[in-house]
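# Observations on chain architecture
Now for the letters of each chain:
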Amino acid sequence: MKTMKLVFMGTPDFAVPCLAALAASGAEIAAVFTQPDKPSGRKYKLVPTPVKKKAIELAIPVYQPASLRKGEEAQEAMKILEEIQPDCIVVAAYGQILPKSILDLPKYGCVNVHASLLPKYRGAAPIQRCILEGETETGVTIMQMAEGLDTGDMLLKGSLAIGADETASELHDRLSELGAKLITEALQGLKDGTITPEVQDDALSCYAGMITKDMSALDFTKPAIELHRTICALTGFTTLEGKRFKAFRSAVSDRTGNAEPGTLLDAETLLVQCGEGTVLRLTEVQIEGGKRLAAADFVRGKKLTAGQKFGE
């Protein structure tokens, strides 16, 4: 793959292993495009994206246009790409929609690293949605980009089993490493002509829309398994003694109960009554003003009693 000239477009941590793998493969990465630096912290200091940090480490030129679709920055970006004449543009969680003029520019087109087994879970939040929907398997699809949302032909897939208590963060890290492996294989296959693109079956598609804060709210009238999936996918929140209370990890208990939903059944192990007689055990939590703690450490420093209710 030493003769393939690439442009890489990506922004968050998910994209970093892909960039690193491509650089290690011997590909010529002529430029990296990433989102503009964002202000962070109390002093609103501009912070570079994870991909920018990696590109600088690899001594690759970095460009950060606010838009690729309109305005002077978009025109300048197009000029840069035309000058580079990349064989392929690799996209991994870039965060911008590419116009047709860019999609059509490279010899091998634009190739995207998508964190689901397409055509399922097209869209912005496939990792969280897979967990929320109770999927036991997910993966990464390397796809040829088209004008539709994640609708292009599939080039290569790899799958992973989702652990029963696996969080979105943990799954994210495993998928990013899988994506790094697959993108190098896919580009080699494109170069060698050994990959046959597969058209997606739109009838099997579903959409993984943006995640909103209200989706993290824990409704204890729902079965424990649904709350557990919310906590694994998003981190759950409720209130306890009038303070905001977060749950980072949980486990579905074998125990059953008939108390009112949200009732603390066991103050020592944070067993909570949920809907349909089910029970959830909270295993890693944080109360407003406190630290994130394992449940055992939390209950040692917080006097709770069975019968207390969450959500009040």
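In case you missed it, the structure is sitting above this.
Now for a description of the structure that goes with this document.

Conventions and cut-offs
Residues numbered from 1 in each chain as written. Predicted model: local features only at pLDDT ≥ 70, side-chain atom pairs only at ≥ 80, totals over all residues. Heavy atoms only, no water. Pairing = 2+ DSSP bridges. Helix = DSSP H or I, 4+ residues; strand = E, 2+ residues; numbered from the N terminus. Contact = heavy atoms within 4.5 Å. Axes fitted to C-alpha atoms, helices over the stretch in contact; angles between N-to-C directions. Expected span 1.5 Å × (residues − 1). Buried < 20%, exposed > 50% of the residue type's maximum accessible area, 1.4 Å probe, protein only. Arc of directions from axis to C-beta. Phe/Tyr/Trp six-rings, centres within 6.5 Å; stacked < 30°, edge-to-face > 60°. Lys NZ or Arg CZ within 6 Å of the ring centre and 35° of its normal. Polar contact = N/O pair within 3.5 Å; in protein donor to acceptor, adjacent residues only side chain to side chain.

Another point: the sheet that holds strand 8 (residues 137-144). Strand order in this open sheet of seven strands is 5-2-1-6-7-8-9, and the pairing throughout is mixed. What marks the edges here is a single partner per strand, and that holds for strand 5 (62-63) and strand 9 (154-161). Inspection of the sheet shows strand 1 (residues 5-10) paired to strand 6 (residues 88-92) by five bridges, in the parallel sense. In the sheet register, Gly10 faces strand 6, and the bridge partner there is Ala92. Sitting on the sheet, helix 6 (residues 168-192) touches strand 1, strand 6, strand 7 (110-114), strand 8 and strand 9, and the angle it makes with strand 8 is about 35 degrees.

For helix 3 (residues 71-84), spanning 14 residues, the distance from its first C-alpha to its last is 20 Å, which sits close to the expected 20 Å at 1.5 Å a residue. Along helix 3, the residues that are buried comprise Ala74, Ala77, Met78, Ile80, Leu81 and Ile84. Viewed end-on, helix 3 has its buried residues packed into an arc of 160 degrees, placing them on one side of the element. Seen from the buried face of helix 3, the exposed residues on the opposite side, beyond 90 degrees, are Glu72, Gln75 and Glu83. Close packing links the buried residues of helix 3 with strand 1, strand 2 (28-33), strand 5, strand 6 and helix 4 (100-103). Looking one or two residues past helix 3, Gln85 carries a phi angle of roughly 50 degrees, positive in sign.

All right, on to the pairing of strand 14 (residues 279-287) then. For a regular strand, side chains alternate in direction, first toward one face of the sheet and then toward the other. Note that strand 11 (residues 243-252) and strand 14 share seven bridges and pair antiparallel. Along strand 14, the bridge assignment pairs Phe245 with Ile287. Where strand 13 (residues 271-273) lies against strand 14, three bridges are found, and the strand directions are antiparallel. Directly across from Leu271, in strand 14, lies its bridge partner Arg281. The loop that links strand 13 with its antiparallel partner strand 14 comprises five residues; one of these, Glu276, has a positive phi angle of about 60 degrees.

An α-helical segment advances 3.6 residues per turn. Residues three or four places apart therefore align on the same side. When helix 2 (residues 50-57) is considered as a whole, its buried residues turn out to be Val51, Lys52, Lys54 and Ala55. Take helix 2 and look down its axis: the buried residues cluster within an arc of 165 degrees, on one side only. Of the exposed residues in helix 2, the ones pointing more than 90 degrees away from its buried face are Ile56 and Glu57. In the core, the buried residues of helix 2 are packed alongside strand 1, helix 1 (16-25), strand 2 and strand 5. In the stretch just after helix 2, Ala59 is the one whose phi turns positive, near 60 degrees.

Counting across every chain of the model gives four aromatic pairs. Ring pairing ties together the aromatic residues Phe220, Phe245, Phe298 and Phe310, which thus form one cluster. Arg244 extends its terminal NZ or CZ atom over the ring of Phe237, reaching a point 4.1 Å from the ring centre. Above the ring of Phe248, the side-chain terminus of Arg292 is found at 3.9 Å from the ring centroid.

Looking at where Thr34 falls in the secondary structure, it is placed in the loop between strand 2 and strand 3 (38-40). A distance of 2.8 Å separates a polar atom in the side chain of Thr34 from the backbone oxygen of Gly10. A distance of 2.8 Å separates the side chain of Thr34 from the side chain of Thr49, its partner in a polar contact. Discounting residues that sit within four places of it in the chain, Thr34 has contacts with Gly10, Thr11, Thr49, Val51, Lys52, Val62, Tyr63, Gln64, Pro65 and Tyr94.

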